[in-house]
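Structural overview
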Amino acid sequence: MSLAPRRAVAALAAVLLAGGMAACGNSDTGTDEGGSGDGKIVMGFSQVGAESGWRTANTNSIKEAAAEAGIELKFDDAQQKQENQIKAIRNYIQQKVDVIAFSPVVESGWDTVLKEAKDAGIPVILTDRAVDSADKSLYKTFLGSDFVKEGRLSGEWLVEQMKSATGDVNIVELQGTTGSAPANDRKKGFGEAIAADPKLKVIASQSGDFTRAGGKQVMEQFLKAHPKIDVLFAHNDDMGLGALEAITAAGKEPGKDIVIITIDAVKDGMQALADGKFNFIAECSPLLGPQLMELAKKVHAGEEVPPRIETEETTFTQEQAKEALPNRKY
Ligand code: AHR
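Note that the structure is predicted; figures quoted are calculated from it, not measured.

Right, let's talk about the packing of helix α2 (residues 53-69) against helix α10 (residues 289-300) for a bit. Running from N to C, α2 and α10 point in directions that differ by 45°, and their axes come no closer than 8 Å. The angle between α2 and α10 places the two elements in the oblique class. Judged by the twist between their axes, the crossing of α2 over α10 is right-handed. Touching Ser 61, Ile 62, Ala 65, Ala 66 and Ala 69 of α2 are Gly 289, Pro 290, Leu 292, Met 293 and Lys 297, all from α10. Grouping the constituent residues of the contact of α2 with α10 by class yields seven nonpolar, two polar and one charged.

Structure below.
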């Protein structure tokens, strides 16, 4: 080919490229360059881990919804480690996925990697848990629960239950993963609600890392250190279920000698509630997959999405759990 036609081809390519970029809208819109090659949107998802029944249901929801929406999902389990999540996100950036979604294990320390994604023009969606970045332009939206509200609803229920109690009501708290949004927020909401009644006292509070094993181990320590425990507030069902074993082994009757409040409402937790071993659960829905895929399509298309999308949730007493249990999907 002579020089002149070669220049003409290069010029035409440049025009086509510029046209293509303009059609994409802004630079945050996903690029097809590193996409699936068959026109499918490619999502890189970094999951917290597999620490609880809630997490398993959440992972299933995301995988099923991606398949249903025709989105190619690259999935990574970070085993509750922030450094693994950062590594996974960097891999997704390198692979030029169209959208990155993740559930941040802790709230702090994300700005650098989020900035890298932004600079690469890859939109990020936060799901389930939030980050505390001051720069809200680092992600497109946050889809998930109001954890403060879950804690508050738990505390308000307790205030009501204990209104005619005489003397101090000793509460122990099993916190979720240290530094995570649900641990921080549930503690805050619960604390604010029980402040309404000065006889409600949190006498011990420690992390059980959202796992059954952690819940059991920390509850054993609480029982040894504190002869009078009236209430357990566990930041999730799994830690509550682990604590049940410790309470029974200590010769106490869960749900009667110790009032138990948890969060999530997964099947095992609902069963414990229906059986009278738990007393109250504030729901936290893990079924975020379908909404997440909808959002991924929108941000990929360059459409505006609301900065915060809150999950709809309810609460359960023992009677309500008995009714709901037969239809509980997870
Ligand atoms: O972020 C949601 C929380 O994480 C759930 O309440 C808990 O069970 C999970 O591990």
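Now that the structure has been shown, the text picks up again.
Below, the discussion takes up the sheet that holds strand β9 (residues 259-264). Sheet architecture is open: six strands sit in the order β7-β6-β8-β9-β10-β12, paired in mixed fashion. Two strands lie at the open edges of the sheet, namely β7 (200-207) and β12 (315-317), each paired on one side alone. Across this sheet, the average inter-strand angle for adjacent strands is 15°, counted without regard to direction. Where strand β10 (residues 280-283) and β12 come together, three bridges link them in antiparallel fashion. Each residue of the ladder has a partner; that of Phe 280, found in β12, is Thr 317.

A separate point is helix α9 (residues 267-274). When we look at burial in α9, the residues that qualify are Gly 269, Met 270, Ala 272, Leu 273 and Ala 274. Tucked into the core, α9 has its buried residues touching α8 (237-249), β10, β12 and α11 (318-324).

Moving on, we come to the sheet that holds strand β5 (residues 141-144). If you trace the six strands from one edge of the open sheet to the other, you get β2-β1-β3-β4-β5-β11, paired in parallel fashion. Two strands in the sheet have a free side with no partner beyond their single neighbour: β2 (72-77) and β11 (308-310). Going across the sheet, the axis of each strand differs from the next one's by a mean of 20°, ignoring polarity. In this structure, strand β4 (residues 124-127) lies alongside β5, joined through three bridges in parallel fashion.

With that out of the way, let us pick up the nonpolar core. The tendency in soluble globular proteins is for nonpolar side chains to be buried side by side. If you look at the biggest cluster of nonpolar residues, it comprises 29 residues, and the most contacted ones within it are Leu 174, Met 219, Phe 222, Leu 232, Ile 258 and Phe 278. Among the elements that make up this core, the one with the highest residue count is α8 (six residues). With near-sequence residues (within four places) excluded, Leu 174 lies in contact with Gln 206, Gly 215, Val 218, Met 219, Phe 222, Leu 232, Phe 233, Ala 234, His 235, Met 239 and Ala 243.

The ligand sits among Glu 51, Ser 52, Trp 54, Arg 55, Asp 128, Arg 129, Phe 147, Pro 182, Arg 186, Phe 210, Asn 236 and Asp 264. Separating an oxygen atom of the ligand from a side-chain N or O atom of Glu 51 is a distance of 2.5 Å. Contact distances for the ligand include 3.0 Å between an oxygen atom and a side-chain N or O atom of Arg 55. Within the complex, 100% of the 280 Å² of free accessible area of the ligand lies under protein.

How each quantity is defined
- Residues numbered from 1 in each chain as written.
- Predicted model: local features only at pLDDT ≥ 70, side-chain atom pairs only at ≥ 80, totals over all residues.
- Heavy atoms only, no water.
- Axes fitted to C-alpha atoms, helices over the stretch in contact; angles between N-to-C directions.
- Helix = DSSP H or I, 4+ residues; strand = E, 2+ residues; numbered from the N terminus.
- Parallel < 35°, antiparallel > 145°, perpendicular 65-115°, else oblique.
- Left-handed = near helix turned anticlockwise from the far one by under 90°.
- Contact = heavy atoms within 4.5 Å.
- Nonpolar A, V, L, I, M, F, W, Y, C, P; charged D, E, K, R; others polar.
- Pairing = 2+ DSSP bridges.
- Buried < 20%, exposed > 50% of the residue type's maximum accessible area, 1.4 Å probe, protein only.
- Core = buried A, V, L, I, M, F, W, Y, C linked by side-chain atoms within 4.5 Å.
- Near = heavy atom within 4 Å.
- Polar contact = N/O pair within 3.5 Å; in protein donor to acceptor, adjacent residues only side chain to side chain.
- Areas by Shrake-Rupley, 256 points an atom, 1.4 Å probe, with all protein chains shown as cover.

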